[in-house]
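# Understanding the architecture of this molecule
Below are the chains, spelled out letter by letter.
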Amino acid sequence: MSPELIAGRYRVERAVGRGGMGTVWLCQDEVLGRDVAVKNVGNLPDQTSTDVARAMREARSSAALNHPNVVSVFDVVETGDEIWMVMEYFPSRTLSEILREDGPLSPERAARIGVQVADGLAAAHARGTIHRDVKPGNVLVGAGDQAKISDFGIARMAGDPQLTSTGLLTGTPSYFSPELARGADPGPESDVWALGATLYAAVEGASPYPTQRNPIALLQTIASEPPPRPSNAGPLAEPIARMMDRDPRSRWAMADAAHALRRVAERGRERTAAATVPLATDDAHDPTTTTSRPVAAPVAAPPERRRRKGLLPWLLVAAALLLVAGAGYALLDLNGDATAGQTQGTSTPTPSETQGASPKRSPSPSPTPTPSPEQTPSKTPKPAPAPDTAEAKADFVDGYFDVMPEDTDTGWSMLAPSMQSVGKDEYEDFWGSIESVESSQTSASSGSDTVSTVITYTFDDGRVVTEQQEIDLQGSDGAYAIADDRVISSQTQ
Ligand SMILES: Nc1ncnc2c1ncn2[C@@H]1O[C@H](COP(=O)(O)OP(=O)(O)OP(=O)(O)O)[C@@H](O)[C@H]1O
């Protein structure tokens with residue numbers, strides 16, 4: 001029977017859906033005169049008042065999140081022994097409904113939804129709130145695939161699917177992490193696992209650990225057996241594997257997951273754009289497009305840059321010879337100056353070094369090179385800027401685009417692990433479709449690690465895409481690595 005007025009304030013208009021816990025009602029908040037969704041999250045005969053108080057506190061704490069990818073909780077009210085959650089009204093279907101009704105998603109669409117959920121959860125984790133019950137049934141997907149995570153704290157409140165205070169297991173623990181299955185307390189890592197398992201379900205159509213009649217047997221399986229490899233995950237396979245790392249200490253943090261998912265989503269958009277229409281300038285309205293694409297967008301170097309690029313192989317050979325010869329050699333500056341310098345190790349210089357764009361750094365294929373300031377001679381006509389100046393950072397970014405798309409190995413070595421998380425194959429795939437790339441108007445503000453630049457990609461199919469990007473660097477003293485990139489605007493000719 002449908003209630004008419006809940007907690008003396010929420011006038012029931014109609015049912016909007018029915019989930020495992022009961023009906024979700026569209027109500028009119030008679031005090032604030034707005035639509036809200038109200039859900040009965042249980043009556044709790046076997047919960048202590050301390051449990052309930054804590055659960056309500058957690059649910060309310062998600063209210064303070066105020067994040068576009070988290071369903072806002074406006075109120076949690078008790079009527080008799082029932083608890084109602086009053087939420088933002090978000091016309092939607094749950095991901096589990098979508099999977100049931102439409103079948104599995106493409107990896108790119110799953111990534112587009114996943115990155116939004118990861119963003120919402122990362123924001124929650126940053127303020128110490130854990131979801132505890134991430135699963136397809138708690139991912140709401142609305143118009144244009146806008147996604148929001150819902151039901152923060154409800155798991156504890158309703159005992160679903162956690163172990164209750166009486167030790168009983170209720171609900172399906174299919175999305176439990178191995179450590180949770182062994183009885184550990186939930187932490188942010190268990191949310192990461194659960195989101196990985198949710199993405200697995202999104203592309204495969206079923207959770208990695210299917211429901212068993214006996215939930216304890218299912219917990220034993222999760223605790224002891226690795227998840228099966230997904231077969232339809234494509235570029236999502238690596239992120240899912242890292243999110244479902246059985247060791248919570250080496251598992252990705254939610255922010256890492258968000259980053260990697262964003263890149264997969266971006267890559268999917270690029271492919272779509274390549275096949276159909278170019279990226280639109282209003283992409284900024286889409287939450288999945290405001291950030292990273294492979295720092296790899298297209299380039300057609302300007303004449304000056306082209307000339308410098310032509311020097312690169314020689315500089316690399318010269319530098320390699322010097323490195324082989326050992327430390328303490330003089331490097332010949334292209335200006336004709338002989339400058340005393342000491343090598344720091346055995347690796348080849350980075351492109352920016354070869355262009356005199358940044359001070360010498362430790363030779364290392366590591367994406368996060370070790371700084372070795374003050375010892376590097378300039379190797380280009382342009383004097384090397386002082387370490388950590390805005391100019392050095394801008395030069396590093398220009399240096400990256402100078403070597404692309406030809407030298408993906410060097411480009412790859414200039415990326416931080418966060419950028420490499422998408423996998424080298426994907427990276428090379430992307431660059432394989434680029435005929436040339438050019439960066440221009442590259443600049444950084446003093447003291448900032450963010451470099452802004454305009455990148456022009458010319459694709460093999462003739463499309464020319466110009467993007468305004470912001471690129472975050474990590475490292476110091478000229479030993480930088482590209483840690484993130486955001487597309488601010490994009491235009492295709
Ligand atoms: N805040 C909301 N605004 C609008 N519709 C909602 C809201 N929350 C849930 N719904 C809709 O109500 C229906 C049931 O959602 P609910 O979250 O209860 O389902 P469920 O998660 O599958 O159930 P459970 O998690 O209990 O197994 C879904 O169609 C969902 O899209």
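Residues numbered from 1 in each chain as written. Predicted model: local features only at pLDDT ≥ 70, side-chain atom pairs only at ≥ 80, totals over all residues.

## Things to note about the overall build of the protein
Looking only at helices and strands, the protein has 15 helices and 15 strands in total. Burial statistics for the protein: of 493 residues in total, 48% are counted as buried. Taking the contacts inside the protein whose residues are at least 6 apart along the sequence as the reference set, 65% of them involve residues at least 24 apart. (Helix = DSSP H or I, 4+ residues; strand = E, 2+ residues; numbered from the N terminus. Buried ≥ 20, exposed ≤ 12 C-beta atoms within 10 Å, placed from the backbone. Contact = placed C-beta atoms within 7 Å.)

## Some points on the nonpolar core
Ranked by size, the top nonpolar core spans 69 residues in total, and within it Ala-118, Leu-121, Leu-195, Ala-257 and Leu-261 carry the most contacts. For this core, the element with the highest residue contribution is helix α6 (residues 188–204), accounting for 10 residues. Split by domain, this core shows at least three residues from each of two domains, domain 1 (5–88) and domain 2 (93–159 + 170–268). Setting aside anything within four residues of it in sequence, one finds Ala-118 in contact with Leu-195, Met-254, Ala-257, Ala-258 and Leu-261. Ala-394, Tyr-427, Ile-455 and Ala-481 belong to the second largest nonpolar core, which has 29 residues in total. (Core = buried A, V, L, I, M, F, W, Y, C linked by C-beta atoms within 7 Å. Domains from an automatic or database assignment.)

## Description of helix α15 (residues 424–432)
Side chains that are three or four residues apart share a direction in an α-helix, a result of its 3.6 residues per turn. Where α15 is concerned, the buried positions are Tyr-427, Phe-430 and Trp-431. Projected down its long axis, α15 carries its buried residues within an arc of 95°, all on one side. Among the exposed residues of α15, those oriented more than 90 degrees off its buried face are Asp-425 and Gly-432. (Arc of directions from axis to C-beta.)

## Some words on the pairing of strand β14 (residues 464–476)
Looking at chain direction, strand β13 (residues 450–459) and β14 are connected through nine bridges and run antiparallel. Within β14, the position partnered with Ile-455 by the bridge is Glu-467. With antiparallel pairing between neighbouring strands as the criterion, β13 and β14 make up a hairpin whose turn holds four residues, including Gly-462 at a positive phi of roughly 95°. (Pairing = 2+ DSSP bridges.)

## Quick notes on the environment of Ala-143
Along the polypeptide, Ala-143 turns up in the loop between β8 (139–141) and β9 (147–149). According to the C-beta neighbour criterion, Ala-143 is exposed, with 8 such atoms within 10 Å.

## A closer look at unusual backbone geometry
Following Met-404, the chain continues to Pro-405 via a peptide bond in cis, the omega torsion being 5°. Structurally, Pro-405 is set in the loop between α12 (390–403) and α13 (408–413). Even without being a glycine, Arg-132 presents a positive backbone phi close to 85°. By secondary structure assignment, the location of Arg-132 is in the loop between α3 (107–126) and β8. Take Arg-132: there are 24 C-beta atoms within 10 Å of it, and that puts it in the buried class.

## Details of the confidence of the model for the protein
Scored by pLDDT, the protein comes out at a mean of 73, with 66% of its residues at no less than 70. Low pLDDT, under 50, characterises residues 277–294; the predicted model gives this stretch 48 contacts beyond four residues in sequence or across chains. Low pLDDT (under 50) marks residues 296–381, which in the prediction has 197 contacts with non-local residues, meaning those over four places away or in another chain. (pLDDT = per-residue confidence, 0-100.)

## Examining helix α2 (residues 95–102)
The set of residues buried in α2 consists of Leu-95, Ile-98 and Leu-99. Down the axis of α2, the buried side of the element spans an arc of 95°, and every buried residue falls inside it. Opposite its buried face, α2 presents the exposed residues Arg-100 and Glu-101, each directed more than 90 degrees away. Two residues or fewer after α2 comes Gly-103, characterised by a positive phi angle close to 90°.

## Description of the sheet that holds β9
Here we have three strands laid out as an open sheet, ordered β7-β8-β9, and antiparallel in their pairing. Looking along the sheet, the strands with just one partner apiece sit at the ends: β7 (93–94) and β9. The pairing of β7 with β8 spans two bridges and is classified as antiparallel. Across the sheet, Thr-94 pairs through a bridge with Leu-140, a residue of β8.

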